[in-house]
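Secondary and tertiary structure notes
Each chain, written out:
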Amino acid sequence: MTERATIKAGEHDVLIVVDVQLDFLPGGALAVPEGDAVIAPINRLAKLFRHVVLTQDWHPEGHASFASSHPEKQPFEVTELHYGPQVLWPNHCVQGTPGAEISPDLDIPHAQLVIRKGYNARIDSYSGFKEADRRTSTGLAGYLKERGFSRVFCVGLALDFCVAWTALDAVEAGFDTYLIEDASRAIDTDGSLARARRDMEAAGVHVIRSEQILGAR
Ligand code: VGL
Ligand code: ZN
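Conventions used here
- Residues numbered from 1 in each chain as written.
- Chains lettered and ligands numbered in written order.
- Predicted model: local features only at pLDDT ≥ 70, side-chain atom pairs only at ≥ 80, totals over all residues.
- Pairing = 2+ DSSP bridges.
- Helix = DSSP H or I, 4+ residues; strand = E, 2+ residues; numbered from the N terminus.
- Axes fitted to C-alpha atoms, helices over the stretch in contact; angles between N-to-C directions.
- Near = placed C-beta within 6 Å.
- Nonpolar A, V, L, I, M, F, W, Y, C, P; charged D, E, K, R; others polar.
- UniProt positions renumbered as here; feature names shortened; annotations may be inferred.
- Buried ≥ 20, exposed ≤ 12 C-beta atoms within 10 Å, placed from the backbone.
- Contact = placed C-beta atoms within 7 Å.
- Arc of directions from axis to C-beta.

1. Let's talk about the sheet that holds strand β7 (residues 151–157)
- Reading across the sheet, the six strands line up as β6-β3-β2-β7-β8-β9 and stay open at both edges, with parallel pairing between neighbours. Here the strands that pair on one side only, and so sit at the sheet edges, are β6 (113–117) and β9 (206–208). Each neighbouring strand pair of the sheet contributes to a mean axis angle of 25°, computed without reference to strand direction.
- Bridge analysis of strand β3 (residues 52–57) against β6 gives five bridges, and the strand direction is parallel. By the bridge assignment, Gln-56 is partnered in β6 with Arg-116.

As structure tokens, then:
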């Protein structure tokens, strides 16, 4: 459900900008439909938050989430990995390649941290907090807690994968968590968007729009 109250971004609030990388933008290896539509709202929002963290999908070649690593499998099929079901993707965000670069159109020079994820060859990591085995931590929750943040605002790509999983893990880590939906876009494969929305609602993620954020930076 979309909530309507206005929110003033303050000292205990952090904006997490998820995976706004060239491979998820038009022309990229795993382009999210209308992915570039997130950039203007994110740049506007970032001016209202003193504290901004970026995530960066960062896979080694031959990563387990790539369909090309599984004989006979095509992108967007699901396979079983040691931790459970895994959607298989086109090769994307390979470490050090242009597609893995964060979009140069993001205008957030004051971002304080870039957290990389998905670097373990055998484990995917949609979430900025915890890998897909649901045990391996990226360290982000500890960082945010040590910095004294209590509210987490999630934006970026893709709403139904990395943004949703990041928001769900933020809730689990104890943060009051918001999804700013007009600053996010979905891949929507096999019902993933409806499922992500359902999971976020059940977890208590507040779904808001960027106009509801008032700045205090
Ligand atoms: C993502 C699929 C694979 C995302 C990352 O950023 O949502 N989706 N890797
Ligand atoms: Zn990935």
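After that view of the structure, there is still more to cover.
2. Quick notes on the site of ligand 1
- All residues in the neighbourhood of ligand 1 are listed as Asp-19, Phe-24, Asp-57, Trp-89, Tyr-126, Leu-157, Ala-158, Phe-161 and Cys-162.
- Of the residues contributing to the shell around ligand 1, the split by class is seven nonpolar, no polar and two charged.

3. Examining the UniProt feature "domain: Isochorismatase-like" (unreviewed entry) in the protein chain
- Following the UniProt record, one finds the feature "domain: Isochorismatase-like" (unreviewed entry) at residues 14–212.
- Along residues 14–212 the backbone is 21% helical and 22% strand, and the end-to-end C-alpha distance reaches 15 Å.

4. Looking at the environment of Gly-156
- Tracing the chain through its elements places Gly-156 in strand β7.
- Exposure remark for Gly-156: the 29 C-beta atoms within 10 Å place this residue in the buried category.
- Setting aside residues no more than four positions away along its own chain, Gly-156 makes contact with Val-17, Val-18, Asp-19, Val-20, Val-38, Ile-42, Val-163 and Ser-184.

5. Quick notes on helix α1 (residues 39–46)
- Residues Ile-42, Leu-45 and Ala-46 constitute the buried set of α1. End-on view of α1: buried residues confined to an arc of 95°, all on one side of the axis.
- Looking at the buried residues of α1, the elements they touch are β2 (13–18), β3, β7, β8 (176–185) and β10 (213–214).

6. Some words on the pairing of strand β5 (residues 84–87)
- Sheet analysis places strand β4 (residues 78–81) next to β5, joined by four bridges and oriented antiparallel. Paired with Glu-80 across the bridge in β5 is Pro-85.
- Following β4, the chain reverses through two residues before pairing antiparallel with β5.

7. Looking at unusual backbone geometry
- Here the bond from Leu-157 into Ala-158 is cis, since omega is -10°, no more than 30 degrees from zero.
- In this structure, Ala-158 sits in the loop between β7 and α3 (159–172).
- Despite not being glycine, Phe-76 has its phi angle at roughly 80°, a positive value.
- Tracing the backbone shows Phe-76 in the loop between β3 and β4.
- Looking at Phe-76, the number of C-beta atoms within 10 Å reads 15, which means it is partly exposed.
- The backbone of Arg-134 sits at a positive phi, close to 65°, despite the residue not being glycine.
- Summarising the element assignment, Arg-134 is placed in the loop between β6 and α2 (140–146).
- We classify Arg-134 as exposed; it has 12 C-beta atoms within 10 Å.

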